[in-house]
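Listed here are the chains, written in short residue letters.
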Number of protein chains: 2
Amino acid sequence: MNTNLLNQKFAHTLDEDLISEISEKGIFKAFKKDDIIIDINQTLNFIPLLLTGDIKIIREDTDGNELLIYFLEAGDTCTMSLTCCLGTTKSKIRAVAEKDSSLIMIPVQNMQTWFHNNESWRNFILQSYQIRFDEMLEAIDSLAFMKMDERLYKYLKNMAMVDETKTISIKHQDIAEDLNTSRVVVSRLLKKLENENKIKLGRNKIEVA
Amino acid sequence: MNTNLLNQKFAHTLDEDLISEISEKGIFKAFKKDDIIIDINQTLNFIPLLLTGDIKIIREDTDGNELLIYFLEAGDTCTMSLTCCLGTTKSKIRAVAEKDSSLIMIPVQNMQTWFHNNESWRNFILQSYQIRFDEMLEAIDSLAFMKMDERLYKYLKNMAMVDETKTISIKHQDIAEDLNTSRVVVSRLLKKLENENKIKLGRNKIEVA
DNA sequence: AAGTAATTGTGATATATGTTACTTAATTGA
DNA sequence: TCAATTAAGTAACATATATCACAATTACTT
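Predicted, not measured: the structure shown is a model, and the values here were computed from it.

Attention now moves to unusual backbone geometry. All names here are of chain B. Positive phi values are uncommon outside glycine, yet Thr88 reaches one of about 45°. You can see Thr88 is positioned in the loop between helix H3 (79-87) and strand S6 (94-97). By C-beta crowding, Thr88 is classed as exposed, having 10 other C-beta atoms within 10 Å. Even without being glycine, Asn204 reaches a positive phi, approximately 65°. You can see Asn204 is positioned in the loop between strand S9 (199-202) and strand S10 (205-208).

See below:
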């Protein structure tokens, strides 16, 4: 079953031999929504491949303020984990299951070898880096150039995309935490977006037009 | 001479054979302070290795607002260029010489081969990615969690570090552009930092205590 | 030395966001 | 069904940053 999922999600990017090796040596793990998959300062000795679900990558400062940086989706890997493993540093981010999710943990040792002798793996990793770089730039753009109302709207659209639905189930407090602002500010700006007919508000849900 | 510099800056990270191959196939280029080395939307077919000087990596939005993301220093490469080359996308950042700088441009073709058969190159690239990721996270932290006065002070300290001097030569307008704020705000906050004895102001220069 | 340009200082005011306090509405659970 | 809890709405005020206008200072040019 793991092998099926693995094939389905990674056949485009990884070659056959590698996939069967991964399904042999990787460890399958399942997480529930809101489970912490990787926490800040955690020591890592594996690279996760996301089979199903979505994962939030979150940054936190010393005062406990949080910021959502980007999402991982099925078929993705966490390049942060890779840099941690290679540099034997601790995790600088938190990975939280946005939905129930399943993934394969690959021990680092194997990964080093593949890097040496498997081109599909090399390309996969390089491409992952490229995607994450772009996402980080997007995050920087939002923070540097956009006002909170724009950031909020972008957040909602992105969330609708990830959840594959127009009506997302979320409360204002959670949005505030992801955007590192306050619940009151979010409520106010959501009301404004509703008045502009960009969204429709309900309790515990928001419909993105 | 290029080979000397190359050796000096990269002997720790790249193996002997590779360095001599680079000095053969790479193209030496010199830039003056404020020269644009890579511009946004430019198509790239080389990877730069920085031999001397410092380079600002800058992001710009559609309205022309800018933000300094990080610096490259001697011994660094531009991972953004790498992702551009591999993905054959256009540059998403601008690289500007902070001082007179010199670098070696490596044609992508060679690089691909090295990635396949040279471990020191692979490690160099992976390590570069790690460093840049950390710098991007730092940039995100500054934007998400810090007020402008803190960002400004951090900027000044960093600038002093890069320039290897306590007294940096810069005008308020330039700082404002790097931080994506206005000159007036910068002047005001600089005055505040001076009152707190963290810096000393002069015309065209700031001494970081 | 005088005039011009560049740089910096600063008050006044506008806007965006943060904070506090409280109300209203929906949901849950005994 | 009613009390308790959670979520959302909103007014009032505080603060950070942006913007405008102009003065003061320093450097540069002729």
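What follows picks up the thread again.
This next bit is on the domain arrangement of chain A. Residues and elements named next belong to chain A. Under the domain assignment used here, chain A contains domain 1 (2-144) and domain 2 (147-208). Taken together, the 9 residues of domain 1 in the interface contact 6 residues of domain 2. Element by element, the count of residues in the side of domain 1 that touches domain 2 is highest for strand S5 (residues 66-73), at 5 residues. Along the lines of polarity and charge, the residues of the side of domain 1 that touches domain 2 split into 3 nonpolar, 2 polar and 4 charged.

Turning our eyes to something else, we now look at the interface of chain A and chain B. Residue-level contacts link 25 residues of chain A with 25 residues of chain B. At the level of elements, S5, helix H3 (79-87) and helix H5 (119-145) of chain A are the ones that each hand at least two residues to the side of chain A that touches chain B. Counting residues per element, the side of chain A that touches chain B draws most heavily on H5(A), which supplies 13 residues. Tallied by class, residues from the side of chain A that touches chain B come to 15 nonpolar, 5 polar and 5 charged.

Our next topic: the sheet that holds strand S10 (residues 205-208) of chain A. All names here are of chain A. The 3 strands are arranged S8-S10-S9 in an open sheet whose pairing can be described as antiparallel. Looking at which strands have only one partner, the edges of the open sheet turn out to be strand S8 (167-168) and strand S9 (199-202). Note: S9 against S10, 4 bridges, orientation antiparallel. Directly across from Ile199, in S10, lies its bridge partner Val208.

All right, on to the nonpolar core then. Membership of the largest hydrophobic core comes to 82 residues, with the highest contact counts inside it found for Ile140(A), Ile69(B) and Ile140(B). With near-sequence residues (within four places) excluded, Ile69(B) lies in contact with Ile140(A), Ile57(B), Ile58(B), Arg59(B), Ile93(B), Met136(B) and Ala139(B).

Right, let's talk about the protein's contact with DNA strand C for a bit. What surrounds DNA strand C is a group of 20 residues, the closest being Lys147(A), Met148(A), Thr181(A), Val184(A) and Lys171(B). Counting only elements with at least two residues in the surface near DNA strand C, the list comes to helix H6 (148-163) and helix H8 (183-195) of chain A together with helix H7 (172-179) and helix H8 (183-195) of chain B. Top element by residues in the surface near DNA strand C is H8(B). It accounts for 6 residues. In terms of residue class, the surface near DNA strand C is built from 6 nonpolar, 6 polar and 8 charged.

An α-helical segment advances 3.6 residues per turn. Residues three or four places apart therefore align on the same side. All names here are of chain A. Along its 16 residues, H6 runs 22 Å from first to last C-alpha, staying within 8% of the 22 Å computed at 1.5 Å per residue. For H6, every residue scored as buried is listed here: Leu152, Leu156 and Met159. One side of H6 carries all its buried residues, which in axial view fall inside an arc of 65°. Tucked into the core, H6 has its buried residues touching S8, helix H7 (172-179), H8, S9 and S10.

Moving on, we come to the protein's contact with DNA strand D. Lys171(A), Lys147(B), Met148(B), Thr181(B) and Val184(B) are the nearest of the 19 residues found near DNA strand D. For the surface near DNA strand D, the secondary-structure elements that each account for two or more residues are H7 and H8 of chain A together with helix H6 (148-163) and H8 of chain B. Per element, the largest residue contribution to the surface near DNA strand D is 5 residues, and it comes from H8(A). Residues of the surface near DNA strand D, tallied by class, amount to 6 nonpolar, 6 polar and 7 charged.

The next thing to look at is the packing of H6(B) against H8(B). Residue and element names in this part refer to chain B. For the pair H6 and H8, the least separation of the axes is 10 Å and the interaxial angle reads 75°. As the angle between them shows, H6 and H8 are arranged roughly perpendicular. Between H6, through Met148, Asp149, Leu152 and Tyr153, and H8, the contact on the second element is made entirely by Val185, Val186, Leu189, Lys192 and Leu193. For the contact of H6 with H8, a count of residues per class yields 7 nonpolar, no polar and 2 charged.

Let's shift gears to the pairing of strand S7 (residues 101-107) of chain A. Residue and element names in this part refer to chain A. Two strands pair when backbone bridges link them, and strand S1 (residues 27-31) and S7 are joined in this way by 5 bridges, in the antiparallel orientation. Along S7, the bridge assignment pairs Lys29 with Leu103. Examined bridge by bridge, strand S3 (residues 46-52) and S7 share 6 bridges and lie antiparallel to one another. Paired with Thr52 across the two strands is Ser102, which belongs to S7.

On to the relation of the copies chain A and chain B, then. One copy of the chain maps onto the other through a rotation about an axis followed by a shift along the same axis. Mapping chain A onto chain B calls for a screw motion: a turn of 180° about the axis and a shift of 0.0 Å along it, with 0.0 Å RMSD after fitting. The relationship between the two copies is best expressed as a two-fold rotation axis. Both copies present the same face, since 100% of the interface residues in chain A are matched by interface residues at the equivalent positions in chain B.

Residue and element names in this part refer to chain B. Its location among the elements puts Ile106 in strand S7 (residues 101-107). Residue Ile106 is classed as buried on the basis of its 23 C-beta neighbours within 10 Å. Sequence spacing of Ile106 and Thr3 is 103 residues, and the spatial spacing of their C-alpha atoms is 14 Å. Dropping the residues within four chain positions of it, Ile106 is found in contact with Ile22, Lys25, Gly26, Phe46, Ile47, Leu49 and Met111.

Before going further, it helps to spend a moment on the confidence of the model for chain A. Here chain A averages 95 in pLDDT, and 100% of its residues register 70 or above. Two summary scores accompany this predicted model of the complex, namely pTM at 0.95 and ipTM at 0.94.

Rules behind the numbers
- Residues numbered from 1 in each chain as written.
- Chains lettered and ligands numbered in written order.
- Predicted model: local features only at pLDDT ≥ 70, side-chain atom pairs only at ≥ 80, totals over all residues.
- Helix = DSSP H or I, 4+ residues; strand = E, 2+ residues; numbered from the N terminus.
- Buried ≥ 20, exposed ≤ 12 C-beta atoms within 10 Å, placed from the backbone.
- Domains from an automatic or database assignment.
- Contact = placed C-beta atoms within 7 Å.
- Nonpolar A, V, L, I, M, F, W, Y, C, P; charged D, E, K, R; others polar.
- Pairing = 2+ DSSP bridges.
- Core = buried A, V, L, I, M, F, W, Y, C linked by C-beta atoms within 7 Å.
- Near = placed C-beta within 6 Å.
- Expected span 1.5 Å × (residues − 1).
- Arc of directions from axis to C-beta.
- Axes fitted to C-alpha atoms, helices over the stretch in contact; angles between N-to-C directions.
- Parallel < 35°, antiparallel > 145°, perpendicular 65-115°, else oblique.
- Least-squares fit on C-alpha atoms with pLDDT ≥ 70 in both.
- pLDDT = per-residue confidence, 0-100.

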